[in-house]
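Chains, contacts and geometry: an overview
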Amino acid sequence: MPKTRYVGRHRPAARPSRGRQIVVPVALLSSTVAAGLVIHDTGTTELNPEAVAMKNVSNAGTGAGVSDPDVLAAATGSRVGARSSRDLAGQARTVIAGATQTATQTAGEAQAAADKAAAAKAAAKAERERAIAAAQRWVSPVSGYSLTSGFGFRWGKMHPAQDLACPVGSSVHALSSGTVVFAGWSTEGYGNFVKIRYWDGTVSWMAHNSRLLVSVGEQVSPGQVVAYSGNTGHSTGPHVHLEIHPEGGAAVPPLPWLAAHGIDL
Ligand SMILES: [Zn+2]
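Per an unreviewed UniProt entry, the protein goes by M23ase beta-sheet core domain-containing protein and derives from Terrabacter terrae.

So, in structure tokens, the structure goes:
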């Protein structure tokens, strides 16, 4: 640091100056002093100590680089801090990307599980529907028959049935799923007689059997053999006398009813 030399008279600062006090701008002062010029004034030439201090500060600020350790440390700290911030941001992006991927995978797995459950549910529903359809199907009461007396008046008397002539011992089937509501000997001429109430409320009467295979209260399935045909009771020949009573009410012509249920006799 160059020594600053002052030319002129100096007086104690406590005493007011008679002449004009010159306050030289720091930049001008710096260049003036550096050039070794002497400032002359008619009165006094005095450099305020504060201006000298300002000059020093100015020189330090405009010098070749910052040497203040605190400033350097602060600047270095800022760079380190900035780097750390970038690192943290990068780590955060990695974490977010990982979390996003995990969330996507989790969502995919959940969707797959949901699809699987839905498929299982649909399969179970289809199976139930197949089981119901199987249980509710209608079948022919007897095979190997010939149609004889039909529904209507016969010999002056109502015959509310369809007679199916067949050899004694032919299998007599339940028409669908249902419950046996009567199985026994009829005192009204039906011989060995069986009545079945089906799932839709329809009741079938099957008469003149040689043998019964079911009892009252028994559950039967479509096509199940419930009796063997015969010629018992008031019968003029081996046959199955079939009556159809919708909802357990009055008998209706069997052939149209059977046809409406997919059975063409
Ligand atoms: Zn009959």
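After presenting the structure, the write-up continues.
1. Here we look at the coordination of the zinc ion
Bound to the zinc ion are the protein donor atoms His 159 (NE2), Asp 163 (OD) and His 241 (ND1), situated 1.9 to 2.3 Å from the metal. All donors of the zinc ion belong to a single chain; written as a sequence motif, their spacing is H-x3-D-x77-H. With Asp 163 in strand 4 (residues 162-165) and His 241 in strand 12 (residues 239-245), this residue pair connects regions lying 78 residues apart in the sequence.

2. Considerations on the nonpolar core
Counting residues in each nonpolar core, the largest one holds 22 residues, and the members touching the most others are Leu 175, Val 194, Ile 196, Tyr 198, Met 206, Val 220 and Val 226. Mapped by element, the contributors of at least two residues to this core are strand 7 (192-198), strand 11 (225-228), strand 12 and helix 4 (254-260). Setting aside chain neighbours within four positions, we find Val 194 in contact with Val 180, Phe 182, Ala 183, Ser 204, Trp 205, Met 206, Asn 209, Leu 212, Val 214 and Val 226. In terms of nonpolar packing, the next biggest core, distinct from the first, is built from 5 residues, Tyr 190, Val 203, Trp 205 and Ala 207 among them.

3. A word on the sheet that holds strand 7
Sheet architecture is open: 7 strands sit in the order 1-4-12-8-7-6-10, paired in antiparallel fashion. Taken across any chain shown, the strands that pair with only one partner, and hence form the sheet edges, are strand 1 (146-147) and strand 10 (219-220). One ladder, built from 5 bridges, connects strand 8 (residues 203-209) with strand 12; its direction is antiparallel. Bridge assignment links Ala 207 to a residue of strand 12, and that residue is His 241.

4. Thoughts on the sheet that holds strand 11
Taken together, 3 strands build an open sheet; the order of strands is 5-11-9 and the sheet is antiparallel. In the strand order of this sheet, the two ends are held by strand 5 (171-173) and strand 9 (211-212), each with one partner. Bridge count for strand 5 against strand 11 is 3 bridges, and the pairing is antiparallel. Each residue of the ladder has a partner; that of His 173, found in strand 11, is Val 225.

5. A word on the pairing of strand 6 (residues 178-185)
Sheet topology places strand 6 next to strand 7; 7 bridges connect them, and they run antiparallel. From the neighbouring strand, Gly 178 faces strand 7, where its bridge partner is Tyr 198. With 2 bridges connecting them, strand 6 and strand 10 associate as antiparallel partners. Directly across from Thr 179, in strand 10, lies its bridge partner Gln 219.

6. Notes on the packing of aromatic side chains
Here the structure, examined in full by the defined rule, presents 7 aromatic pairs. Seen from their ring centres, Trp 138 and Tyr 198 are 5.4 Å apart, and the 65° between their planes marks the pair as edge-to-face. Here Trp 138, found in the loop between helix 3 (69-135) and strand 1, pairs with Tyr 198, found in strand 7; they are 60 residues apart in sequence, far enough to count as distant. Trp 138 gets classed as buried once you look at its relative accessible area, which sits at 14%. A residue is classified by how much of its surface remains accessible, and Tyr 198, at 3% relative accessible area, is buried. Summarising the aromatic geometry, the rings of Tyr 190 and Trp 205 are spaced 5.8 Å apart at their centres and angled 90° between planes, so their arrangement reads as edge-to-face. A residue pair is termed long-range when its members are at least 10 positions apart, and Tyr 190 in the loop between strand 6 and strand 7 and Trp 205 in strand 8 qualify at 15 residues. Across this residue pair, the class does not change: Tyr 190 and Trp 205 are buried. Grouped by ring-pair contacts, the aromatic residues Trp 138, Tyr 198, Trp 199 and Trp 257 constitute a single cluster.

7. Quick notes on the side chain of Gln 162
Examined against the element boundaries, Gln 162 turns out to sit in strand 4. The class for Gln 162 is buried, based on a relative accessible area of 4%. From its side chain, Gln 162 meets the backbone oxygen of Ser 149 in a polar contact 3.2 Å long. When near neighbours in sequence (up to four residues on either side) are disregarded, Gln 162 contacts Leu 147, Thr 148, Ser 149, Gly 150, Phe 151, Val 240, His 241, Leu 242, Pro 254 and Leu 255.

Cut-off values and rules
- Residues numbered from 1 in each chain as written.
- Predicted model: local features only at pLDDT ≥ 70, side-chain atom pairs only at ≥ 80, totals over all residues.
- Heavy atoms only, no water.
- Donors = N, O, S within 2.8 Å, 3.2 Å for Na, K, Ca; no water.
- Helix = DSSP H or I, 4+ residues; strand = E, 2+ residues; numbered from the N terminus.
- Core = buried A, V, L, I, M, F, W, Y, C linked by side-chain atoms within 4.5 Å.
- Buried < 20%, exposed > 50% of the residue type's maximum accessible area, 1.4 Å probe, protein only.
- Contact = heavy atoms within 4.5 Å.
- Pairing = 2+ DSSP bridges.
- Phe/Tyr/Trp six-rings, centres within 6.5 Å; stacked < 30°, edge-to-face > 60°.
- Polar contact = N/O pair within 3.5 Å; in protein donor to acceptor, adjacent residues only side chain to side chain.

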